[in-house]
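Topology and contacts: notes
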Amino acid sequence: MFAARTGASPNGVRRDGHEPAAQPGTAIVLASRAAGGITGALRRWTGRLVGPQQEERLERLQTRANEFGVDPFGLDIEFAKAAIAPVVWLYKNYFRVEVTGAVNVPQGRTLLVSNHSGQLPFDGAMIGVASLLEAEPPRMIRAMVEKWVPSIPYFAPLFARLGQVVGTPENCRRLLAQGETILVFPEGVRGISKLYRDRYKLQEFGNGFLRLALETRSPVVPVAVVGAEEQAPALADLKSVARVLGMPALPVTITGLPLPLPVKYRIRFGEPLLFEGNADEEDAEIEKKVHQVKATIQAMLNQGLRERRHVFW
Amino acid sequence: MRDVIVITGISGNLGRALAKLLHRTDRVEGIDRRPMPGRPKDVVLHQIDLRRKKTEDIFRRGDVKALIHMGIMHDPRMSTEEHHTFNVFGTAQVLEFAARHHVPKIVVLSSANVYGPGPNNDNFLGEDAPLMGGQRFSEIRDLVEVDMYAQQYMWKHPEVETVVLRPVHILGPAIRNAPSSYLRLRRPLTLAGFDPMVQLVAVSDVCRALALALRPGLRGVYNLTGPGEAPLSAVLRELGRMPIPVPHPLARALVQRLWDARLTSFPPPELDHIQFLCTVDGSRFARDAGWKPQLTLRETIHCVDAESPIRREGAEAPAVRSAGAV
């Protein structure tokens, strides 16, 4: 209570204080300097990886950041540009992503709908980098992430700062209304944890994305990712162990860990599909339209598989 | 002529601030068990328990034009039974008195906490979202009940303009609720690997919103948001705090021990608020009532530290502050 009469609160913030506290501890200063240094270095790395032309695209990214540098959903674009450096490295050097049809991604609100695989969501990350570096205008896509993610320490804030949002219909609706590009994996966990023998066989699609597309009159862009389905061949899925650990799935891969092999990624953006109809129609009606999307993606996958020469190059 | 605004819970920090705002333009009377330090001379205080029959006398005179009900107890140390009868029974009682004596406007102060923090929450919960606050934190259950009672009252008394306001975390220099006390800690505990977006609103803005809710014609349930949202870490950094990150299972056990030993005033389930989202969509109030907070987000954050004029008078024991070891 020593501060009560001196006109300053214990840590020196003035009543009108717009500046942060005057003397934070040395530890905090060092920690924030270290963090700032790492962020700066990563940001430069991103710049080197993408080159001057694509660097200009990063500068053009639009967000609704407030005075703390975050948008209402928690996307911190400056942090994101730095943090994606390792992902961009994977994109350029490890998965050597080949993108076709980026011109098909329309301006404004869009639902990207893709196949999902690979045990770890590198497919989502690569579609994200592709949208950033190839689509016009450049954009930070918002993936609808598994409801499990906000409970995982470190991943919860990381995903949020990168603009990835829990996949509730309300979140999706709101983001589309803002004109964002949403990435949806209608296969969900069934897709990402599929076994090697099921590669490139689309699993059951959820219907939610199509209802939202109808409701918000958003175009659906089918996306086919070829390569990811072989990145971490899973032989079995230990469902009961997963349940004990509170995880959605526990795949057993050849290497034990679900780390990806250096497969070559081929991402194809299809032509946008516009659906008309009532968003509240019965499941049977919605399923017909969902099936159309699914069939389109399957056809794109099949074509991609026919055209590629090899899994690794 | 009906020209009196009755405020329950007027002796609290928020109640006093609201009385000071409203007494300039209206006759204000308050109901509270506690004395009201710094009471403006023209504000009448009825120092009685809300639950007593005598409360009805205040409405019997027939000059009450509005009731602002915020006489809701948030003392986590109080017995659940006392909590429950005071909050739920007290609310039912006072709203019933108001209806019986034809008070045309009721404003009930609820809280965005009724939605409850959770990993599956929408980033912006609308007013129609289910009230899950009691799911993990049973002490919040009676607040949920108060909120539901007020909604039920809207159906029972369509002739009354009832407004339920659900503000996000209220911050103020003298406010001793969990979020303000937490943000005043020099070394607050945080949960390692979690950094949810938080929404804050200054006590002065809440008073202005309550005054706005009195506007004739306005009725319904409204979330009340402040000037935007920020990650918890950014708020702590802005205040120059030195957070101590602790893995969450450990933190829960630790806070539980401290709570059992009465070394902290933070109930362990409150940790959910620094782990998960409980952020709301305030656009409905902005649209229907023209709500816009006056303070910026920076100013709102700093208002926890602004020196309290009350404390300078030495009228308030800083008990909770010193107890806030966590």
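Small disclaimer: the values here were computed from a predicted structure and weren't measured.

1. Side note on the overall build of chain A
Helix and strand content of chain A: 10 helices and 9 strands. Since a compact globule built from 313 residues should have a radius of gyration of about 20 Å, the 22 Å found for chain A is in line with a globular shape. The C-alpha extent of chain A, read off along each of the three principal axes, is 75 × 50 × 45 Å. Here chain A holds 313 residues, and 39% of them are scored as buried. Of the contacts formed within chain A by residues at least 6 apart in sequence, a portion of 75% connects residues at least 24 apart.

2. Description of the overall build of chain B
A count of helical and extended segments in chain B gives 12 helices and 12 strands. Expected size for 326 residues packed as a compact globule is a radius of gyration near 20 Å; at 19 Å, chain B falls within 12% of this value. Residues counted as buried form 51% of the 326 residues belonging to chain B. Within chain B, contacts between residues separated by at least 24 positions form 75% of all contacts whose residues are at least 6 apart in sequence.

3. What about the sheet that holds strand β11 (residues 229-231) of chain B?
Residues and elements named next belong to chain B. Taking strand neighbours across the sheet as the criterion, the 3 strands line up as β7-β9-β11 in an open arrangement whose pairing is mixed. Single-partner strands in this sheet number two, and they are β7 (169-171) and β11. Sheet twist, expressed as the mean angle between neighbouring strand axes with direction ignored, is 50°. As defined by bridge partners, β7 adjoins strand β9 (residues 197-202) across 3 bridges and the pair is classed as parallel. Within β9, the residue paired with L171 across the bridge is A202. Strand contacts of helix α6 (residues 203-213): β7 and β9, with the helix running at about 70° to β9, the strand carrying the most contacts.

4. Comments concerning the nonpolar core
Of all hydrophobic cores here, the largest spans 162 residues; its most connected members are L112, V113, M126 and V129 of chain A together with L165 and L210 of chain B. Element by element, the count of residues in this core is highest for helix α4 (residues 122-133) of chain A, at 8 residues.

5. As for the packing of helix α3 (residues 85-94) of chain A against α4 of chain A
Residue and element names in this part refer to chain A. Running from N to C, α3 and α4 point in directions that differ by 90°, and their axes come no closer than 10 Å. Our classification of the angle between α3 and α4 gives roughly perpendicular. Facing α3, whose interface residues are V87, V88 and Y91, α4 presents A125, M126 and V129. A breakdown of the residues in the contact of α3 with α4 according to their chemical character gives 6 nonpolar, no polar and no charged.

6. Some details on the sheet that holds strand β3 (residues 44-46) of chain B
All names here are of chain B. Taken in spatial order, the 7 strands make up an open sheet running β3-β2-β1-β4-β5-β6-β10, and their pairing is parallel. Each edge of the sheet is formed by a strand with only one pairing partner; in this case those strands are β3 and β10 (220-224). The average undirected angle you get between the axes of adjacent strands in this sheet is 20°. Contacts from helix α4 (residues 141-156) reach β5 (105-109), β6 (161-167) and β10 within the one sheet, and its direction differs from that of β6 by about 155°. Those strands touched by α6 are β4 (64-69), β5, β6 and β10, and its axis lies near 160° from that of β6.

7. Comments concerning the pairing of β5 of chain B
Both faces of the sheet carry side chains from a regular strand, because those side chains alternate between them. Residues and elements named next belong to chain B. Most of β5 is tucked away: 5 of the 5 residues are buried. With burial as the criterion, each face of β5 is covered, one bearing K105, V107 and L109 and the other bearing I106 and V108. Two elements, β4 and β5, share 3 bridges in a ladder whose sense is parallel. What sits directly across from H69, in β5, is V108. Handedness of the crossover joining β4 and β5 through helix α3 (residues 80-100): right-handed.

8. A closer look at helix α10 (residues 283-307) of chain A
Residue and element names in this part refer to chain A. Taking 1.5 Å as the rise per residue, α10 with 25 residues should run 36 Å; its terminal C-alpha atoms sit 35 Å apart, in good agreement. Among the residues of α10, I286, K289, V290, V293, K294, I297, M300 and L301 are the ones counted as buried. Among the structural elements, β2 (110-114), α8 (208-216), β6 (220-226) and β9 (266-269) are those in contact with the buried residues of α10.

9. Section: the environment of L109 of chain B
Considering the arrangement of structural elements, one finds L109 of chain B in strand β5. C-alpha separation for the pair L109 of chain B and V6 of chain B, spaced 103 residues apart in sequence, amounts to 13 Å.

10. Description of the confidence of the model for chain A
Per-residue pLDDT for chain A averages 86, and the proportion of residues at 70 or more is 91%. Long-range and interchain partners of residues 1-22 of chain A, a stretch whose pLDDT sits below 50, account for 32 contacts in this model, where long-range means more than four residues apart.

11. Description of unusual backbone geometry
Residues and elements named next belong to chain A. Cis geometry marks the peptide bond from E136 to P137; its omega dihedral reads -5°. Within the secondary structure layout, P137 lies in the loop between α4 and β3 (142-145). Residue Q119 is not a glycine yet carries a positive backbone phi of 70°. Judged by local crowding, Q119 falls into the buried class, with 23 C-beta atoms found within 10 Å. Within the chain, Y200 stands out as a residue other than glycine whose phi angle is a positive 60°. As for its placement among the helices and strands, Y200 is situated in the loop between α7 (189-192) and α8.

12. A look at α3 of chain B
Residue and element names in this part refer to chain B. Its 21 residues give α3 an end-to-end C-alpha distance of 29 Å, which sits within 8% of 30 Å, the value for a rise of 1.5 Å per residue. The sharpest bend along α3 comes to roughly 30°, located at G90. Every buried residue of α3 is listed here: H83, F86, N87, G90, T91, V94, L95, F97 and A98. Looking at the buried side of α3, the elements it contacts are β1 (4-8), α2 (55-60), β4, β5 and α4.

13. Topic: the confidence of the model for chain B
Counting all residues, the mean pLDDT for chain B is 89, and 94% of those residues have values of 70 or more. Note on residues 308-326 of chain B: pLDDT is under 50 here. Beyond four places in sequence and across chains, it has 35 contacts.

14. Here we look at the pairing of β6 of chain B
All names here are of chain B. Buried residues dominate β6, accounting for 7 of its 7 residues. Burial along β6 is two-sided: the residues E161, V163, L165 and P167 and T162, V164 and R166 are all buried. Where β5 lies against β6, 5 bridges are found, and the strand directions are parallel. By the bridge assignment for β6, L109 is matched with L165. A crossover links β5 with its parallel partner β6, the connecting element being α4, and its sense is right-handed. Sheet topology note: the β6/β10 ladder contains 5 bridges and is parallel. In the strand pairing of β10, R166 is matched with N223.

15. Some remarks on the environment of C207 of chain B
Residues and elements named next belong to chain B. Mapped onto the fold, C207 is located in helix α6. Along the backbone, C207 and L14 are 193 residues apart, and their C-alpha atoms lie at a distance of 7.3 Å. In this structure C207 touches A17, L18 and L21, once residues within four positions along its chain are discounted.

Cut-offs applied
Starting afresh in each chain, residues are numbered from 1 along the sequence in its written order. Each chain is given a letter, starting from A, and each ligand a number, starting from 1, according to the order in which they appear as written. For a predicted model such as this one, the threshold for reporting local features is a pLDDT of at least 70, and the threshold for listing and counting side-chain atom pairs is 80 or more; totals across whole chains, interfaces and linings nevertheless cover every residue. A run of DSSP states H or I qualifies as a helix once it reaches four residues; a run of E qualifies as a strand once it reaches two. Both are numbered from the N-terminal end. All radius of gyration figures rest on C-alpha atoms, and the globule criterion is 2.2 Å times the number of residues raised to 0.38. Buried, partly exposed and exposed are defined by the number of other C-beta atoms within 10 Å of a residue's own C-beta, namely 20 or more, between the two limits, and 12 or fewer respectively, with C-beta atoms placed from the backbone. Residues are scored as being in contact if the C-beta atoms we place from backbone atoms lie within 7 Å. Here, a strand pair is defined by DSSP locating no fewer than two bridges between the strands. Only the stretch in contact is used when fitting a helix axis, every axis being a line fitted to C-alpha atoms; angles between N-to-C directions are given from 0 to 180 degrees. A set of buried Ala, Val, Leu, Ile, Met, Phe, Trp, Tyr and Cys residues, joined to one another through C-beta atoms within 7 Å, is what we call a nonpolar core. To sort the angles, those under 35 degrees are grouped as roughly parallel, those over 145 as roughly antiparallel, those from 65 to 115 as roughly perpendicular, and the leftovers as oblique. Amino acids outside the nonpolar list (Ala, Val, Leu, Ile, Met, Phe, Trp, Tyr, Cys, Pro) and the charged list (Asp, Glu, Lys, Arg) are all regarded as polar, and Gly is one of them. With the strands aimed away from the viewer, a crossover counts as right-handed if its path from the first strand over the helix to the second runs clockwise. To estimate the expected span of a helix, count its residues, drop one, and scale the result by 1.5 Å. Confidence of the prediction at every residue is given by pLDDT, a number between 0 and 100. One axis is fitted to the seven residues ending at the residue and one to the seven starting there. The bend at that residue is the angle between these axes.

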